[in-house]
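# Structure at a glance
Given next are the chains, with one letter for each unit.
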Amino acid sequence: MRFGKLVLSLLLALAALPAFPQVGHPAKGSWLGFWGPSEAKRTRILLALDWQNRQVVGTINPGRNAVEIDRVEIDYATWTMTIEADMPLANGKTARYVATGKLDNLGSWLNRRYSGTYRHGDETGTFMLALN
Amino acid sequence: MRRKLTAVLIGVAGLGAGASAAAHHSFAAEFDANAPIELTGSVTKIDWANPHTFFYIDVQNAKGEYENWALEMGSPNGLMRRGWTRDTLKLGDVVTVTGSRAKDGSFKGNARSVVLSTGRRLFAGSSQPDADDGAN
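Residues numbered from 1 in each chain as written. Chains lettered and ligands numbered in written order. Predicted model: local features only at pLDDT ≥ 70, side-chain atom pairs only at ≥ 80, totals over all residues.

## Points about the overall build of chain B
Counting secondary structure elements, chain B contains 3 helices and 6 strands. For chain B, with 136 residues in total, the buried portion stands at 31%. Taking all contacts inside chain B whose residues are at least 6 apart in sequence as the whole, residues at least 24 apart take part in 52%. (Helix = DSSP H or I, 4+ residues; strand = E, 2+ residues; numbered from the N terminus. Buried ≥ 20, exposed ≤ 12 C-beta atoms within 10 Å, placed from the backbone. Contact = placed C-beta atoms within 7 Å.)

## Brief notes about the environment of N77(B)
With respect to the helices, strands and loops of the structure, N77(B) is situated in helix α3 (residues 76-81). Taking the C-alpha atoms as reference, N77(B) lies 9.9 Å from H52(B); in sequence the two are 25 residues apart.

## Details of unusual backbone geometry
Put simply, N50(B) and P51(B) share a cis peptide bond, and its omega is 0°. Of note, N105(A) is a non-glycine position whose phi angle comes to about 55°, a positive value. Note that N105(A) resides in the loop between β7 (94-104) and β8 (113-120).

## Overview of the pairing of strand β2 (residues 54-60) of chain B
Residue and element names in this part refer to chain B. Taken together, the 5 bridges between strand β1 (residues 31-47) and β2 define a ladder with antiparallel strand orientation. Opposite D47, over in β2, you have F54 as the bridge partner. Counted between consecutive antiparallel strands, the loop separating β1 from β2 contains 6 residues. Alignment of β2 against strand β3 (residues 66-72), held across 7 bridges, turns out to be antiparallel. (Pairing = 2+ DSSP bridges.)

## Comments concerning the confidence of the model for chain B
Mean pLDDT for chain B: 86, with 78% of residues reaching 70 or above. The complex model carries a pTM of 0.79, and its ipTM stands at 0.77. (pLDDT = per-residue confidence, 0-100.)

## Here we look at the sheet that holds strand β9 (residues 123-131) of chain A
All names here are of chain A. What the 9 strands build is an open sheet, ordered β4-β3-β2-β1-β9-β8-β7-β6-β5; its pairing is antiparallel. Two strands in the sheet have a free side with no partner beyond their single neighbour: β4 (67-68) and β5 (71-75). Here 8 bridges tie β8 to β9, and the two strands are oriented antiparallel to one another. In the sheet register, H120 faces β9, and the bridge partner there is E123.

This is the structure we're talking about:
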């Protein structure tokens, strides 16, 4: 009987190993891709998202030109995520950046996608990011 | 009955151990010492894990296209002995990496040293046999 319990415990411990990478909010991680008004005019974008105090927080293009995201909203019924930030324009002024897109392939750790449309000042376009 | 259970347990444990070992490999199995690389790019992901830590950098090629390189380093413990901390690399940092490219020609390499955005150079705990490893 004691031996059976030992076997069961070890099997459960082994079963838990593959579950480790699946922790955290599905949006958490570094997302890499492009955004732009057209296919010919695309800009590289890196989105670093984290899950803190039951909220998604993060940064657009971490590094020297980092922009802090100040609002994230997720519609969990459709997994539509909206992020907002005040981001510099090419002329140096700042305009509101609002991106709305769908999180796809959430069951996959390596192939998650976040894609949709954005508005930045007068400019509108599309974006496509993959979990890096 | 007990003998059958023992056999099952050994089998399952072997599978579990095999999954961990699959990530560990010799340098020569995956990388080409005769294909040196020197890459400069911004960090897009850092993955502190055993048996190898990986980080990813965005490198622009001659056409201006982005190549996202995966660079393998030593274990977290090995890197700590070479002066690394969890905060040494941050997303967006521009770094220069020297090392060897993967044999399959993918955007993957084994890092030998990394020059950080501060100008500091650190050894990456490379598994390359003759690599200068800088360990204390």
